[in-house]
Amino acid sequence: MKRTLLSIAVTSLFFAYACKNSQNPKQNPTQVEAVKSDITDEQLMDRVQKDALKYFWDYAEPKSMLGRERYHEDNIYPDNDKHVITTGGSGFGLATLLVGVERGFIPRKEAVKRLTHMMDFLAKADRHKGAWSHWINGETGKTVPFGKKDNGGDLVETAFLTSGILMVREYFKNGNAEEKALASKCDELWKGIQWNWYTKGGEKVLYWHWSPEYQWEMNFPLEGYNECLITYILAASSPTHPIDVETYYKGWTRNGTYLTDKTKYGLPLYVKHNYAEEYGGPLFWSQYSYIGLDPTGLSDKLVKNYFDVNKNQVLIDYKYCVENPKQWKGYGPNYWGLTAGYTRNEDGTTGYTAHMPTNDNGVITPTAALSSFPYTPRQSMDFLRFLYIQKPEFIGSAGPYDATSVNYNNWFTPRYLAIDQGTIAPMIENYRSGFLWKLFMNAPEIQQGLKKLSFKSEKYNIK
C-alpha cells in the first residue's frame with residue numbers, strides 16, 4: 001500500500017521512491033463487453049463485487065496467498081515487485097474474501113483452507129514488536145523496505161490488516177473444527193501486536209513506524225484527521241498491549257483541536273483534514289478505517305456522528321467534480337471521485353498521486369465513488385452504471401482499472417492496486433447488508449475499547 005502518510009504533503013514525497021513512474025503501459029487489456037442497460041442495481045453490485053474479488057482470489061501472490069501490492073495486466077513491473085505483498089491491502093483483501101464467502105461467490109471450505117494458509121504465513125513473517133512491515137516478500141516472509149528507514153513495523157498498515165483478521169475470527173469462531181482453528185490463529189496474531197510500544201516510551205500519541213535499525217527516526221506521530229482512526233481504536237481495544245484513553249484524546253484529536261467550523265458547498269467538514277482543510281482529503285480517508293468500524297451514529301466526546309463526517313467529505317468531492325472548475329471533459333454526476341492511486345503524468349506515462357480537489361489532474365479513480373456507496377448510494381450507483389454500461393474499456397480482469405480519464409481520450413492504465421480494489425466489495429457490502437460492520441463492531445474487545453474511549457453507538461448498544 002502506498003498512500004498512508006500523515007499528510008498529503010509528505011505522501012507525495014514518500015511515493016517518489018516507493019512507486020516510480022513507468023513508461024506508458026502497453027494497451028493490451030482484457031476485453032470486457034459492456035453490460036446491458038436493463039441490468040438491475042443488485043445484479044450490477046454483484047458484478048463489481050465479483051470482479052474486485054478476483055484481485056485477491058485469482059491473482060493473489062501464489063506462495064503467501066495474500067494480496068500483491070499491485071497486479072498489472074500488461075505484466076510490466078518496473079520495480080520487479082510482483083512478489084511483494086502489501087499488509088494493509090491484504091487486510092482489505094481478507095474483508096473482500098469474507099464478502100465472497102457470504103455472497104456465495106467462492107466456496108466456504110476453500111476459503112477456510114486459503115485463509116488458514118494466510119494466517120500461518122503471517123505468523124512466520126517478520127514482525128517488529130508484533131507489527132508487520134508495510135511490504136513483505138510473499139515468497140520468504142521477510143520485510144521489504146518501503147524506504148531506507150521504513151524497514152520495520154508499520155502500525156497503520158498493521159491496523160488495516162488486523163481489522164480484517166478480527167473479522168475473519170468473528171466470522172468463523174463458531175464454525176466447524178477447521179473454522180474454529182482458523183479463528184484461534186487469528187486471535188493469536190491479534191494478541192501479539194504491541195500497540196503500546198508505538199507510543200515511543202509512553203508519549204501520549206501513537207507513532208507510525210519503528211525500525212530495529214533506525215528506531216524512531218521516521219518520526220511520524222498519528223494525529224488526526226486522516227485515514228488512521230482505526231489504529232487508535234484497535235490499540236485501545238487490545239487485550240494484551242493497550243493504549244490509554246489519554247493517548248487517544250491527546251494524540252489523535254490533537255488535544256481536541258482538530259475540530260473545525262469550516263463548510264464547503266454548504267456542508268460542514270466537522271474535522272480538520274490534514275493539509276486539506278478546505279475540501280477534505282482524498283476519499284480513502286472516508287473508507288480505510290470504516291471497512292469494519294461502522295460510522296453510523298457513532299460518536300465520541302468530540303464528534304457527534306462519524307457518518308456525517310464521511311458523508312460530507314464524499315459529497316464535497318462529488319460536488320467539486322460536478323462543478324468541475326478545471327473543465328475536465330467527462331466530469332459530472334456519473335463520472336466523479338478523487339482519491340490516491342495511479343495517475344496519468346503530463347507526458348502520458350503512468351505515475352501515482354493523491355488525487356483530491358486541490359490536486360486534480362483530470363484522472364478519476366473508480367474506487368473513490370464505488371467505495372463510497374454507504375454515504376452516497378445514488379451518486380455511486382450512477383457512477384457504477386456509467387462505468388459498466390458506457391465505458392467497458394475501463395473494466396479489466398479484476399474489475400475497474402485503477403486510473404481512468406475521459407478527458408485524455410478515454411485513457412486508462414491496465415493496472416490494479418490492492419488498496420484500491422480491496423475497499424470496493426467490502427464497502428458496497430456494508431451498504432447492502434452491513435455485514436462487515438456487524439462482524440467488527442460486535443467483537444467483544446472492540447465493544448470494550450470503544451466504550452473505554454467514550455464512543456457511543458445505539459446501533460451496537462455502546463453507551
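Residues numbered from 1 in each chain as written. Predicted model: local features only at pLDDT ≥ 70, side-chain atom pairs only at ≥ 80, totals over all residues. Heavy atoms only, no water.

*Asks:* Would you mind going over the sheet that holds strand β3 (residues 135-137) with me for this structure?
*Replies:* Through backbone hydrogen bonds, the strands of a sheet pair up, either in parallel or in antiparallel fashion. Pairing in this open sheet of three strands is antiparallel, and the strands run β2-β3-β4 from one edge to the other. The strands lining the two open edges of the sheet, one partner per strand, are β2 (84-86) and β4 (143-144). As paired elements, β2 and β3 share three bridges and run antiparallel to each other. Across the sheet, residue Ile 85 finds its bridge partner in β3, namely Ile 136. (Pairing = 2+ DSSP bridges. Helix = DSSP H or I, 4+ residues; strand = E, 2+ residues; numbered from the N terminus.)

*Asks:* Help me out: how do you make sense of the packing of aromatic side chains in this one?
*Replies:* Given two aromatic rings, one states the distance between the centres and the angle between the planes to describe the pair. Under the definition given, this model contains 36 aromatic pairs. Put simply, the rings of Tyr 225, Tyr 232, Tyr 248, Tyr 249, Trp 252, Tyr 258, Tyr 306 and Phe 455 pair up and form one aromatic cluster. The ring of Tyr 265 carries Lys 264 above its face, with NZ or CZ at 6.0 Å from the centroid. (Phe/Tyr/Trp six-rings, centres within 6.5 Å; stacked < 30°, edge-to-face > 60°. Lys NZ or Arg CZ within 6 Å of the ring centre and 35° of its normal.)

*Asks:* What's the story with helix α3 (residues 87-102) in this structure? I'm lost.
*Replies:* One full turn of an α-helix is made of 3.6 residues, so residues set three or four places apart face in the same direction. With 16 residues, α3 extends 23 Å from end C-alpha to end C-alpha; this agrees with the ideal 22 Å at 1.5 Å per step. With respect to burial, α3 is a largely interior element, 15 of its 16 residues being buried. (Expected span 1.5 Å × (residues − 1). Buried < 20%, exposed > 50% of the residue type's maximum accessible area, 1.4 Å probe, protein only.)

*Asks:* Help me understand helix α4 (residues 108-124), please; the structure alone is not making it clear to me.
*Replies:* Here α4 contains 17 residues, and its C-alpha end-to-end distance of 25 Å stays within 8% of the 24 Å for a straight helix at 1.5 Å per residue. The complete set of buried residues in α4 reads Ala 111, Val 112, Arg 114, Leu 115, Thr 116, Met 118, Met 119, Phe 121 and Leu 122. On its buried face, α4 is in contact with α2 (41-57), β2, α3, β3, α5 (155-172) and α6 (177-191). (Contact = heavy atoms within 4.5 Å.)

*Asks:* Would you take a moment to explain the pairing of strand β9 (residues 340-344) for this structure?
*Replies:* Two faces make up the sheet, and in a regular strand the side chains alternate between them. Burial analysis of β9 places five of its five residues in the buried class, which makes it a mostly covered element. The sheet contact formed by β9 and strand β10 (residues 350-354) spans five bridges and is antiparallel. Following the sheet pairing, Ala 340 is matched in β10 by Ala 354. Taken together, β9 and the strand that follows it, β10, pair antiparallel across an intervening segment of five residues, in which Gly 348 is found at a positive phi of about 90 degrees.

*Asks:* Help me understand empty space enclosed by the protein in this model?
*Replies:* Summary: where empty space remains is shown by rolling a probe the size of a single water molecule over the atoms. Here the structure, examined in full by the defined rule, presents two cavities of 30 Å³ or more. Roughly 50 Å³ of internal volume is contained in the second largest cavity. In this structure, the second largest cavity is lined by Gly 91, Phe 92, Ala 159, Phe 160, Ser 163, Gly 164, Met 167, Ile 230, Tyr 288, Ser 289, Ile 291 and Gly 292. Element by element, the count of residues in the lining of the second largest cavity is highest for α5, at five residues. In terms of residue class, the lining of the second largest cavity is built from seven nonpolar, five polar and no charged. (1 Å grid on protein atoms, 1.4 Å probe; cavity = no way out; pocket = protein on both sides within 12 Å on 5 of 7 lines; lining within 4 Å. Points joined across faces, edges and corners; volume = space filled by probe spheres on them. Nonpolar A, V, L, I, M, F, W, Y, C, P; charged D, E, K, R; others polar.)

*Asks:* I would appreciate a short explanation of the packing of α4 against α6 in the present structure.
*Replies:* Two quantities define a packed helix pair, namely the angle between the axes and the distance from one axis to the other. Where α4 contacts α6, the axes come no closer than 10 Å and their chain directions differ by 30 degrees. As far as their axial angle goes, α6 and α4 are roughly parallel. When you trace α4 past α6, the crossing you get is left-handed. Contacts between α4 and α6 involve Arg 108, Val 112, Leu 115, Thr 116, Met 119, Asp 120, Leu 122 and Ala 123 from the former and Glu 178, Glu 179, Leu 182, Lys 185, Cys 186 and Leu 189 from the latter. (Axes fitted to C-alpha atoms, helices over the stretch in contact; angles between N-to-C directions. Parallel < 35°, antiparallel > 145°, perpendicular 65-115°, else oblique. Left-handed = near helix turned anticlockwise from the far one by under 90°.)

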